[in-house]
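# Examination of the molecular architecture
One letter stands for each residue in the lines below.
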Amino acid sequence: GTKIQTNPDGVRMKISPDGTIEQTNIDGTIIQLLTNKTKIQKNVDGSVIKIFPDGTRIQSYPNGKEMKIDRNGTITLLAEGTKDDSKPSSKTKNAQNSKGKVNVVKG
């Protein structure tokens, strides 16, 4: 069956029969390690980061914005985000990181 343990630091670990591991940190962050080596991090602010075995990451935010970051650091905007998160939209300027170029995909 499912095993659940709480560490002395308050971190809760749940290990499912299929080998999936779910870790809940004391700040509420949930990290899931799937059997296919994909890691999913669900943050308290509602953002989700999926890290795939090849190093690709997909980050999604509560406002609907979603972006893919490949191993080289190239960022592709998958969804711009429709809900107003009360900050002025700077589109892809903030998405650029020091390593890569920004590709905007409209779809």
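Every chain begins its residue count from 1, and numbering advances along the sequence as written. Under the rules for a predicted model, residues below a pLDDT of 70 receive no local features and side-chain atom pairs below 80 are neither given nor counted, while totals for whole chains, interfaces and linings still include all residues. As a rule here, side-chain values come from all non-hydrogen atoms in the structure, and water together with hydrogens is ignored.

Looking now at the overall build of the chain. Secondary structure is summarised from DSSP: a helix means a run of H or I of at least four residues, a strand means a run of E of at least two, and numbering begins at the N terminus for each. A tally of helices and strands in the chain yields 0 helices and 10 strands. Counting from the amino terminus, helix and strand elements in the chain follow one another as β-β-β-β-β-β-β-β-β-β. Any residue under 20% of the maximum accessible area for its type is buried, any over 50% is exposed, and the rest in between are partly exposed; the area is computed with a 1.4 Å probe on protein chains only. Taking all 107 residues of the chain together, 24% fall into the buried category. Any pair of residues with heavy atoms lying within 4.5 Å of one another is described as a contacting pair. Looking at the chain alone, contacts between residues at least 24 apart form 11% of all its contacts between residues at least 6 apart. To be clear on the numbers: accessible area is Shrake-Rupley with a 1.4 Å probe, and residue cover counts the displayed protein chains and nothing else. Looking at the chain as shown, the accessible area adds up to about 7300 Å², and 50% of this sits on carbon and sulfur atoms.

Let us look at the side chain of N25. With respect to the secondary-structure elements, N25 resides in the loop between β3 (21–24) and β4 (30–33). N25 sits in the buried class, given a relative accessible area of 19%. Not counting residues within four places of it along the chain, the set of residues in contact with N25 comprises V11 and I31.

Backbone geometry places K37, a non-glycine residue, at a positive phi of 75 degrees. Residue position: K37 is located in the loop between β4 and β5 (39–42).

In this section: the confidence of the model for the chain. The predictor's confidence in any single residue is recorded as pLDDT, a number from 0 to 100. Here the chain shows a mean pLDDT of 84. Residues at 70 or above account for 77%. Confidence drops under pLDDT 50 across residues 85–101; counting only partners more than four residues distant or on other chains, this segment forms 20 contacts.

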